[in-house]
Amino acid sequence: FYLSTYPASVYPAFVLCVTIMLICTFGLGPAYRYYVIQWIRKQREARDKAAAGGQDVKWIEDEFEGRYGREQFDYVDDTAVDRIEYDFEITTRYSRCGVFQSTVIMALILGASGVITFYMQRATRQAGGNSVASFCIALFVSFMAYLWEYICNILTRLEYWAYWSDYWKSTCIKVLLFKILNIFTVFLVKRIEFQSDNADGACQLEDLANQFLLLIALNTLATVANLLYVLVFTSPDDERSVDGYREFILSQEYVELVYRMFLLHLGFLVAPMIVIFGLLANLMEYWIDKYRLLRVCHKPKVTSSTFRGVLAFYFFLSALFVLASFPNGAIFILDGSFGLSGDETCFIYQGK
């Protein structure tokens, strides 16, 4: 199960698998964007053909690009279907001051999370060992992920976006960045702590693999808990809100998908068989999301955005961190140094 138990003879096969994984991960974004563009082209061809035959065809222009001039900061079209209404007039696509404020707040919260993670890892490891520390860290990461999603909605409101599609793009980018950077901080802290207290001579790759398993398990359980909360404590008759519990927000589902892929790909580098648990988690998530969409959530509102550019960016960002995250990114694991050359804490590929 753990990479540290693999014999050196499987190293070429492992390198091949990691290389294929990275190529596929980096290629997912462009491939998805190309697929959506081709789909839109075919839809427009069908629209034009139907219109030529005298049929009345309704069509929402994708992204409104070129139609409303949204690439211009100083232009806002009040007739856009996804226009956000405020109690006061706004004349720009977003507030630069608001974006700056939300960025600073995000950096401060991420720094505070890193400090808490450091001292929590140290205290729990000294009190109960690696297993207790990993479990506590996984609980804290899950709690911070939930809390951060709530905070992100508040921060995005400070930015005063003119359009809902831009609003959700900004929110989801902040959510995904925080989640990925928080995971990066967790494993950096675990690496520092392991270096400073390695008296037992244990291999940290096993500790990291267990941490990934707990993160994936708690991420899935959080989805189940959220569904149960919605079923028990909310009603379909409640007044709808933009970010209500019974709203199926596609952009947020994209974030969860990419985040889970990020955990699986990074976890694969320390425990290749973790993909089996990831497959089970994805199957469970699929049926839960299908049930939410068809049986629990309100009918999603029509959107003018495919989010193809943002999703391509999500995939690229995830792949970049899988490749270069210290200490267990692909370039460090494949190098065999596990972050630092000459490290003696773990005999990678030697089965020791």
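Residues numbered from 1 in each chain as written. Predicted model: local features only at pLDDT ≥ 70, side-chain atom pairs only at ≥ 80, totals over all residues. Heavy atoms only, no water.

Colleague: Looking at this model, I keep getting lost on the overall build of the chain. Mind explaining?
Modeller: Along its length, the chain carries 9 helices and 0 strands. Along the chain, helices (α) and strands (β) appear in the sequence α-α-α-α-α-α-α-α-α when read from the amino end. Looking at the 352 residues of the chain, the share that counts as buried comes to 46%. Within the chain, residue pairs in contact and separated by at least 24 positions form 74% of the contacts whose partners lie at least 6 positions apart. (Helix = DSSP H or I, 4+ residues; strand = E, 2+ residues; numbered from the N terminus. Buried < 20%, exposed > 50% of the residue type's maximum accessible area, 1.4 Å probe, protein only. Contact = heavy atoms within 4.5 Å.)

Colleague: Just to check I follow, could you spell out the pattern of salt bridges for this structure?
Modeller: Opposite charge on two side chains permits them to pair, given that their charged atoms come into close proximity. Using the criterion set out here, one finds 6 salt bridges in the structure. Put simply, Lys179 and Glu256 hold a salt bridge, and the shortest N to O gap is 2.5 Å. Placement of Lys179 in helix 4 (residues 164-196) and of Glu256 in helix 6 (residues 250-268) is noted, with a sequence separation of 77 residues between them. Linking Arg260 and Glu285 is a salt bridge whose minimum nitrogen-to-oxygen distance equals 3.2 Å. In this pair, Arg260 is assigned in helix 6 and Glu285 in helix 7 (residues 274-296), connecting sequence segments 25 residues apart. We note that Arg260, like Glu285, is buried. When salt bridges that share partners are traced, they join Glu149, Lys179 and Glu256 into one network. (Salt bridge = Lys/Arg side-chain N within 4 Å of Asp/Glu carboxyl O.)

Colleague: Sorry, what's going on with the side chain of Asn182 here?
Modeller: Inspection of the secondary structure puts Asn182 in helix 4. In contact with Asn182, not counting residues within four places along its chain, are Leu110, Ser113, Val141 and Met144.

Colleague: Could you clarify how one ought to interpret the packing of helix 5 (residues 204-233) against helix 7 in this entry?
Modeller: When two helices pack together, their arrangement is captured by the angle between the axes and the distance separating the axes. Helix 7 packs onto helix 5 with a crossing angle of 15 degrees between their chain directions and a minimal axis gap of 11 Å. As the angle between them shows, helix 5 and helix 7 are arranged roughly parallel. Relative to helix 7, helix 5 is oriented so that their crossing is left-handed. Contacts from Ala209, Phe212, Leu213, Ile216, Asn219, Thr220, Thr223, Val224, Leu227, Val230 and Leu231 in helix 5 reach Ile274, Phe277, Ala281, Met284, Glu285, Ile288, Tyr291, Arg292 and Val296 in helix 7. (Axes fitted to C-alpha atoms, helices over the stretch in contact; angles between N-to-C directions. Parallel < 35°, antiparallel > 145°, perpendicular 65-115°, else oblique. Left-handed = near helix turned anticlockwise from the far one by under 90°.)

Colleague: Can you help me understand the nonpolar core in this one?
Modeller: Across soluble globular proteins, nonpolar side chains show a tendency to be buried alongside one another. Of all hydrophobic cores here, the largest spans 57 residues; its most connected members are Val18, Trp148, Ile183, Leu269 and Tyr314. Beyond its immediate stretch of four places on either side in the chain, Trp148 contacts Met106, Ile109, Leu155, Lys174, Val175 and Phe178. Within the second largest apolar cluster, 5 residues are counted, among which are Ile84, Tyr167, Trp168 and Ile249. (Core = buried A, V, L, I, M, F, W, Y, C linked by side-chain atoms within 4.5 Å.)

Colleague: What exactly am I supposed to notice about the packing of aromatic side chains here?
Modeller: Ring pairs (aromatic) are described by centroid distance and by the angle formed between their planes. Counting across every chain of the model gives 10 aromatic pairs. Judged by centre distance (5.2 Å) and plane angle (90 degrees), the rings of Phe118 and Tyr119 are edge-to-face. Centroid distance Tyr286 to Trp287: 5.1 Å. Interplanar angle 80 degrees. Geometry classified as edge-to-face. Residue classification places Trp287 among the exposed residues on the basis of a relative accessible area of 53%. In this structure, Lys179 is placed above the aromatic ring of Tyr259, and the distance from its NZ or CZ to the ring centre is 5.0 Å. (Phe/Tyr/Trp six-rings, centres within 6.5 Å; stacked < 30°, edge-to-face > 60°. Lys NZ or Arg CZ within 6 Å of the ring centre and 35° of its normal.)

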